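Now for the letters of each chain:
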Amino acid sequence: QGMVLTHLKVQPGECIAVKGMVPPDAKSFALNMGRAGSDLALHFNPRFESHGDARIIICNSLQGGEWGEEQREPDFPFQPGQDTKICISFNAQELMVALPGEQQLKFPNRLGLEAIEFFSVEGDFRVKSIKFK
Ligand SMILES: C=CCO[C@@H]1O[C@H](CO)[C@@H](O[C@@H]2O[C@H](CO)[C@H](O)[C@H](OCc3cn(Cc4cccc(/C=C/CN=C(N)N)c4)nn3)[C@H]2O)[C@H](O)[C@H]1NC(C)=O
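Keep in mind that what you see is a predicted model, and the values were worked out from it rather than measured.

A.B. asks: Explain the overall build of the protein chain to me, and be specific about the residues and the numbers.
C.D. replies: Assigned secondary structure in the protein chain consists of zero helices and twelve strands. Secondary structure elements of the protein chain occur, N-terminal to C-terminal, as β-β-β-β-β-β-β-β-β-β-β-β. Rg of the C-alpha trace for the protein chain: 14 Å, near the compact-globule value of 14 Å for 133 residues, within the 12% margin. Considered along the principal axes of its C-alpha atoms, the protein chain spans approximately 35 × 30 × 30 Å. Counting every position in the protein chain, which comprises 133 residues, the buried fraction comes to 46%. For the protein chain, the share of sequence-separated contacts (at least 6 apart) that also reach a separation of at least 24 residues comes to 62%. Both charge centroids of the protein chain, one from 14 positive and one from 17 negative side chains, sit 6 Å from each other.

Below, the structure is given as structure tokens:
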């Protein structure tokens, strides 16, 4: 089980900056954020090789335990065995994920989230630091 942060109060315009390392044998990892584990504004799931997918980022929301419609992003800026940095911020309309190489990914704020209270990391990602800016 990865890292779980609860009782956060990340506001619109603030960002969660996660630095970490993707292990050499990585298959998949996920960064989850929202109100709780079953109430996610964003499940950010890069798949190196998982669920029949290869080198694609799956984004989705989870409401009352039900998955929404996936957004699939083929621009894949991660390499197994490499350090990486991901910055997540949001506003009333969308969540924004700043990725390596100036890549930015957007996902609609389907939950109308007003603060990020829950943040978790799952799977093949070794967190080195987390900064709330
Ligand atoms: C084609 C058939 C029907 O369509 C498929 O239907 C599946 C089920 O709905 C979707 O899959 C689901 O997609 C969801 C997003 O939408 C979540 O990601 C969910 O996972 C939830 C979940 C999280 N977690 C923890 C976790 C997260 C990341 C890595 C690890 C462990 C790594 C271990 N590392 C090793 N072994 N090295 C563990 N576990 N499950 C996934 O099951 C597929 O995308 C979808 N595929 C397409 C093309 O549409």
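A.B. asks: An account of the side chain of Gln103 is requested, with residue identities and associated values reported.
C.D. replies: Assignment of secondary structure puts Gln103 in strand 10 (residues 103–108). Looking at Gln103, the relative accessible area reads 13%, which means it is buried. Here Asp75 takes part through its backbone oxygen, which lies 2.9 Å from a polar atom of the side chain of Gln103. Beyond its immediate sequence surroundings of up to four residues, Gln103 is in contact with Glu73, Asp75, Pro77, Val97 and Ala98.

A.B. asks: Outline the sheet that holds strand 9 (residues 94–99), supporting the account with residue identities and numerical values.
C.D. replies: Strand order in the open sheet made by the five strands is 10-9-8-2-12, with antiparallel pairing throughout. Every other strand in the sheet has two partners, leaving strand 10 and strand 12 (126–132) as the edge strands with one partner each. Mean inter-strand twist for the sheet, computed between neighbouring axes without regard to direction, equals 20°. One ladder, built from four bridges, connects strand 8 (residues 83–90) with strand 9; its direction is antiparallel. Opposite Ile88, over in strand 9, you have Val97 as the bridge partner.

A.B. asks: I'd like a description of the site of the ligand, backed by residues and values.
C.D. replies: If you check the shell around the ligand, you find 15 residues, and the closest are His43, Arg47, Asn60, Glu70 and Asp124. Interatomic distance of 3.0 Å between a side-chain N/O atom of His51 and an oxygen atom of the ligand. Contacts to the ligand include Glu70, whose side-chain N or O atom sits 2.6 Å from an oxygen atom. Elements with a minimum of two residues in the shell around the ligand: strand 3 (29–36), strand 4 (39–50) and strand 11 (118–123). Residue contributions to the shell around the ligand peak at three residues, all from strand 4.

A.B. asks: Lay out the confidence of the model for the protein chain with the relevant residues and their values.
C.D. replies: Low pLDDT means the predicted atomic positions in that stretch should not be read closely. Per-residue pLDDT for the protein chain has a mean of 97; in total, 99% of the residues score no lower than 70. Of the two predicted TM-score estimates for the complex, the pTM is 0.98 and the ipTM is 0.97.

A.B. asks: Just give me the short version of the nonpolar core, but keep the residues and values in it.
C.D. replies: Among the nonpolar cores identified, the biggest contains 31 residues, and Phe29, Leu31, Phe44, Phe78, Ile86 and Phe119 are the most heavily contacted of them. Counting residues per element, the ones that place at least two in this core are strand 2 (16–21), strand 3, strand 4, strand 5 (53–63), strand 8, strand 9, strand 10 and strand 11. For this core, the element with the highest residue contribution is strand 4, accounting for four residues. What Phe29 contacts, discounting residues up to four positions off in sequence, is Val22, Phe44, Asn45, Pro46, Phe48, Phe78, Ile86, Glu122, Gly123, Asp124 and Phe125.

The rules behind the values
- Residues numbered from 1 in each chain as written.
- Predicted model: local features only at pLDDT ≥ 70, side-chain atom pairs only at ≥ 80, totals over all residues.
- Heavy atoms only, no water.
- Helix = DSSP H or I, 4+ residues; strand = E, 2+ residues; numbered from the N terminus.
- Rg over C-alpha atoms; globule rule 2.2 N^0.38 Å.
- Buried < 20%, exposed > 50% of the residue type's maximum accessible area, 1.4 Å probe, protein only.
- Contact = heavy atoms within 4.5 Å.
- Lys, Arg positive; Asp, Glu negative; His and termini not counted.
- Charge placed at Lys NZ, Arg CZ, Asp CG, Glu CD.
- Polar contact = N/O pair within 3.5 Å; in protein donor to acceptor, adjacent residues only side chain to side chain.
- Pairing = 2+ DSSP bridges.
- Axes fitted to C-alpha atoms, helices over the stretch in contact; angles between N-to-C directions.
- Near = heavy atom within 4 Å.
- pLDDT = per-residue confidence, 0-100.
- Core = buried A, V, L, I, M, F, W, Y, C linked by side-chain atoms within 4.5 Å.

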